Amino acid sequence: MAILSFLTLRYKNCSLHVKLFASYFLLIFIPVITLAFFFGWKSTRIITNQSMEISRLYLEEAEAAVSAEFSKLSMISSQLAQSAEVHKVLEKQGTDIRFGEEYDDMNDLYETISNTCSLQSLYQIRLYISDSFRHSRREWVTYPLSSIAETGWYRQLVEEHEIQALVPPQAFKVPLAEPQELLSIVTLIRSTRDFNRILGVASADIPKDDLVAMLSRSSYTETGAVYLVDDGLNIICGSADKAAFAEADSLLSKAAARFGRESGVFAENDLVAGLSAPVYGGWRVFTVASFDQLLTPTTELRDQMLLVTVLVSIIAFTLSYFYSRYSTRWIKALAGQVQRVESGDLTVACVVDSEDEIGELQSSFNFMVRRLKLLVDERYNLGKSLRDMELRALQAQINPHFLYNTLDLISWKAKASRNDEIVDIVVKLAHFYRLSLSNGSDFLPLCDEVEHIRLFIDLNNLCCGRSVRLEADVAPEIADYPIMKLILQPIVENSLFHGLFDLESREGVIRLTARLDGGSLQIQIADNGVGIDRAKLADLSSCTARPAPKSRSGGYGIANVIERLKVYYSDDYTFDIGSAVMGGTTVTIRLPYDRGSSPQIRAERFSRPEN
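Residues numbered from 1 in each chain as written. Predicted model: local features only at pLDDT ≥ 70, side-chain atom pairs only at ≥ 80, totals over all residues. Heavy atoms only, no water.

Q: Summarise the overall build of the chain; cite the residues concerned and give the values.
A: If you tally the helices and strands in the chain, you get 17 helices and 17 strands. Burial statistics for the chain: of 611 residues in total, 40% are counted as buried. (Helix = DSSP H or I, 4+ residues; strand = E, 2+ residues; numbered from the N terminus. Buried < 20%, exposed > 50% of the residue type's maximum accessible area, 1.4 Å probe, protein only.)

Written out as structure tokens, the structure reads:
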């Protein structure tokens, strides 16, 4: 807060040139900085979302490629295991077959397998057959069944009566070639005559290197990796070494826990990982990539935005300086003219050379100087008549006293003549005018205003020969609260002349109540008169909303009250009229009640005159 207060003070004490310069510069610099950060943040969000989507697409591509390759191997292995020609040859195991016949059978079998490999673009098909065949140890296409009899996958197929299995990569050496790892899908060849009798095993092979190359094509970043994992979430092979991502095992476990058997992609820290649905035998494709490389375009865009921001800031700084200096030159000239006026020179004048706000200010200054010169001249002339005005003011103060003294004289003469009725009228009239004039003050206590109304009703009863009764109920705590004078008397006057004097069936009663309601003073004047019809009530309601200067239906007094309430209370008051034909009329006024700072508290309070 101290720093903010210091900067605010410095800004207030700066020249207009500096303020305009700072304003122009900030108005350009802040939006540019904001836009730079916004577009950097937005582009990062977009690239992040796109990276997640790209990762999903590449995962689906790898999943489809691996699934297609495994499906092809599975189909070829199954077709070979179910081939009638293969069964015809292998059913002869354990029989006394001539060498020539076996030779011919094997040649036909080799030709079938070779044609299948060529047609399916398959790397290799191996056929494990009974050791009773002399060609089983040829180890070119046919291999002895005993060589795989102790492997785990073979025993599992036999014991669980399964047909096909996916064998992880294993080292294999083709004659006259370097050894390499092959991944195989094997199918048991069971006898059609006896299901429990194993005739052999058909194995469709794919080199591990080919599978890795296939996975590498699905890697969408240079540092990313695509792995093949088994149903136990063990990484079998991949486009990159497992050590390339130390978090690979952890991410793989989290992906399996998050997606289950479904396919999905998620991000954690600075890595994005994806796990496919099972493609074959529970085996799945797992992808890992670094966000750093994915967000490289964002980093480049951010650097470019920073460079543009710096350049724009320099340009904005230069333009703001010169433009603010150009814009304030007329203000400086006008300030100089003002200083001359302060020194007493009223002959100065600005040259108005534009029609903008500065030109209007110069014209207003010239007009002000001319008016000031006229006022100085008038002040001299007014000084001459000041004494005459003071004498007239003294005469105006003497006139009310003359009225009071005259009424007192009439009262004394009436007493001397023992005419009590005239004495009563004169005393009430004198008291009435003392309260009305109240020494020129606009406010008087609420109790005095009520007394003023009571006197008004009594005098009208005497003058008109009527008997209207006033019932006043004022809360004691507000009896001395000052209100604006003569705001209740016009309302009572309307009640008398328009509501009660035409009432013949019952006695006229005016009930005045004053109470505190929350933070407001509520004054209510209700009569039991003839009431007001709807049309006239509508006119009076419009009068309360927008007072009219003149009305023939009793609205003049109300309009006058409304105007005075607006002057003193602004919009902090309410004035409501309610009435029904032959149901009387009720006027409710609500004024702000504040003993501390309201304008009526500062009004002079007048004491009641003694009778």
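Back to the text.
Q: Could you give me a rundown of the packing of aromatic side chains, with the residues and numbers involved?
A: Per the stated rule, a full pass over the model turns up nine aromatic pairs. On the numbers, 6.3 Å between centres and 25 degrees between planes, the contact of F99 with Y103 is stacked. Here F99 pairs with Y103, and both are found in helix α4 (residues 99-120), just four residues apart, close to one helical turn. Aromatic side chains Y227 and F286 sit 6.3 Å apart centroid to centroid with 20 degrees between the ring planes, which places their arrangement in the stacked category. Here F286 lies in strand β10 (residues 284-290) and Y227 lies in strand β6 (residues 225-229), a separation of 59 residues in the sequence. The class for Y227 is buried, based on a relative accessible area of 1%. Using a relative accessible area of 0% as the deciding quantity, one classes F286 as buried. Members of the aromatic cluster, connected to one another through ring pairs, are F70, Y280 and W283. Residue placement shows R126 over the ring face of F172; its charged tip is 4.2 Å from the ring centre. (Phe/Tyr/Trp six-rings, centres within 6.5 Å; stacked < 30°, edge-to-face > 60°. Lys NZ or Arg CZ within 6 Å of the ring centre and 35° of its normal.)

Q: An account of the sheet that holds strand β3 (residues 164-172) is needed here, citing residue identities and associated values.
A: Read from one edge to the other, the open sheet built from five strands follows the order β2-β1-β5-β4-β3, with strand pairing classed as mixed. Two strands in the sheet have a free side with no partner beyond their single neighbour: β2 (142-144) and β3. On average, each strand axis in the sheet is inclined to that of its neighbour by 30 degrees, with strand direction left out of account. Both strand β1 (residues 124-129) and strand β5 (residues 198-207) contribute to a ladder of six bridges, which runs antiparallel. The partner of L127 across the bridge, within β5, is A202. (Pairing = 2+ DSSP bridges. Axes fitted to C-alpha atoms, helices over the stretch in contact; angles between N-to-C directions.)

Q: Residues and numbers for helix α10 (residues 329-342), please.
A: Every α-helix winds through 3.6 residues per turn, so residues three or four apart in the chain are directed the same way. If you check α10, its first and last C-alpha atoms are 20 Å apart, about what 14 residues at 1.5 Å a residue would give, namely 20 Å. Among the residues of α10, L334, Q337 and V341 are the ones counted as buried. One side of α10 carries all its buried residues, which in axial view fall inside an arc of 55 degrees. Across α10 from its buried face, at more than 90 degrees, point the exposed residues K332, Q339 and E342. (Expected span 1.5 Å × (residues − 1). Arc of directions from axis to C-beta.)

Q: Summarise the sheet that holds β10; cite the residues concerned and give the values.
A: Reading across the sheet, the five strands line up as β7-β6-β10-β9-β8 and stay open at both edges, with antiparallel pairing between neighbours. A strand with exactly one partner marks an edge of an open sheet, and here the two such strands are β7 (235-238) and β8 (264-268). Averaged over all pairs of adjacent strands, the angle between their axes in this sheet comes to 25 degrees, without regard to strand direction. Alignment of β8 against strand β9 (residues 271-275), held across five bridges, turns out to be antiparallel. Each residue of the ladder has a partner; that of V265, found in β9, is G274. Set on the sheet, helix α6 (residues 208-216) makes contact with β6 and β7; between it and β7 the angle comes to about 70 degrees. On the sheet, helix α7 (residues 248-259) packs against β6, β7, β8, β9 and β10 and is oriented at approximately 130 degrees with respect to β8. (Contact = heavy atoms within 4.5 Å.)

Q: Go over the pattern of salt bridges, please, and point to the residues and values.
A: Scanning the entire structure with this criterion turns up 17 salt bridges. Taking the shortest distance from any N to any O, the salt bridge between R511 and D473 comes out at 3.6 Å. Note that R511 is positioned in strand β14 (residues 508-517) and D473 in strand β12 (residues 468-474), a separation of 38 residues in sequence. Among the residues examined, D473 registers a relative accessible area of 25% and is labelled partly exposed. Each of R469, E471, D473, E507, R511 and R515 takes part in salt bridges that share partners, so that together they form one network. (Salt bridge = Lys/Arg side-chain N within 4 Å of Asp/Glu carboxyl O.)

Q: Give a detailed account of the pairing of β7, specifying residues and quantitative values.
A: Judged from the three bridges that link them, β6 and β7 form a sheet pairing that is antiparallel. For Y227, the partnering residue across the bridge sits in β7 and is G238.

Q: Explain helix α15 (residues 489-500) to me, and be specific about the residues and the numbers.
A: For α15, the buried fraction is high: nine of the twelve residues fall into the buried class. Buried within α15 we find Q489, P490, I491, V492, N494, S495, L496, G499 and L500.

Q: Before we move on, can you summarise the confidence of the model for the chain with the specific residues and values?
A: Detail in the predicted coordinates should be disregarded across regions flagged by low pLDDT. Chain-level pLDDT for the chain is 78 on average; 82% of the residues reach the 70-or-more range. Within the chain, helix α12 (residues 386-416) has the poorest average pLDDT of any element, 54, and strand β15 (residues 520-527) the best, 93. Low pLDDT, under 50, characterises residues 599-611; the predicted model gives this stretch 34 contacts beyond four residues in sequence or across chains. (pLDDT = per-residue confidence, 0-100.)

Q: Outline the nonpolar core, supporting the account with residue identities and numerical values.
A: Grouped together as the largest cluster of nonpolar side chains are 46 residues, with contacts concentrated most on V66, F70, I113, L127, L183, I189 and L228. Sequence-distant contacts of L183, defined by excluding residues within four places in its chain, comprise F70, L166, V167, P169, A204, D205, I206, L211, L228 and W283. (Core = buried A, V, L, I, M, F, W, Y, C linked by side-chain atoms within 4.5 Å.)

Q: Mind laying out the pairing of strand β17 (residues 585-592), listing which residues take part and the relevant values?
A: With eight bridges connecting them, β15 and β17 associate as antiparallel partners. Paired with D527 across the two strands is T585, which belongs to β17. With antiparallel pairing between neighbouring strands as the criterion, strand β16 (residues 574-579) and β17 make up a hairpin whose turn holds five residues, including M582 at a positive phi of roughly 60 degrees.

Q: Can you explain a nonpolar patch on the surface? Please cite residues and give values.
A: Side chains of L35, F38, F39 and W41 sit close together on the surface and give an oily, nonpolar patch of about 420 Å² of accessible area. With respect to the secondary-structure elements, F38 resides in helix α2 (residues 16-82). (Patch = residues over 30% accessible without salt bridge, like charges linked within 9 Å, V, L, I, M, F, W, Y side chains within 5 Å. Areas by Shrake-Rupley, 256 points an atom, 1.4 Å probe, with all protein chains shown as cover.)

Q: Provide a residue-level description of the packing of helix α14 (residues 446-464) against α15, including the pertinent values.
A: At a closest axis distance of 10 Å, the pairing of α14 and α15 adopts a crossing angle of 30 degrees. If you check the angle between α14 and α15, you find them roughly parallel. For the pair α14 and α15, the crossing hand works out as right-handed. On α15, the residues touching E449, H452, I453, F456, I457 and N460 of α14 are Q489, V492, E493, L496 and F497. (Parallel < 35°, antiparallel > 145°, perpendicular 65-115°, else oblique. Left-handed = near helix turned anticlockwise from the far one by under 90°.)

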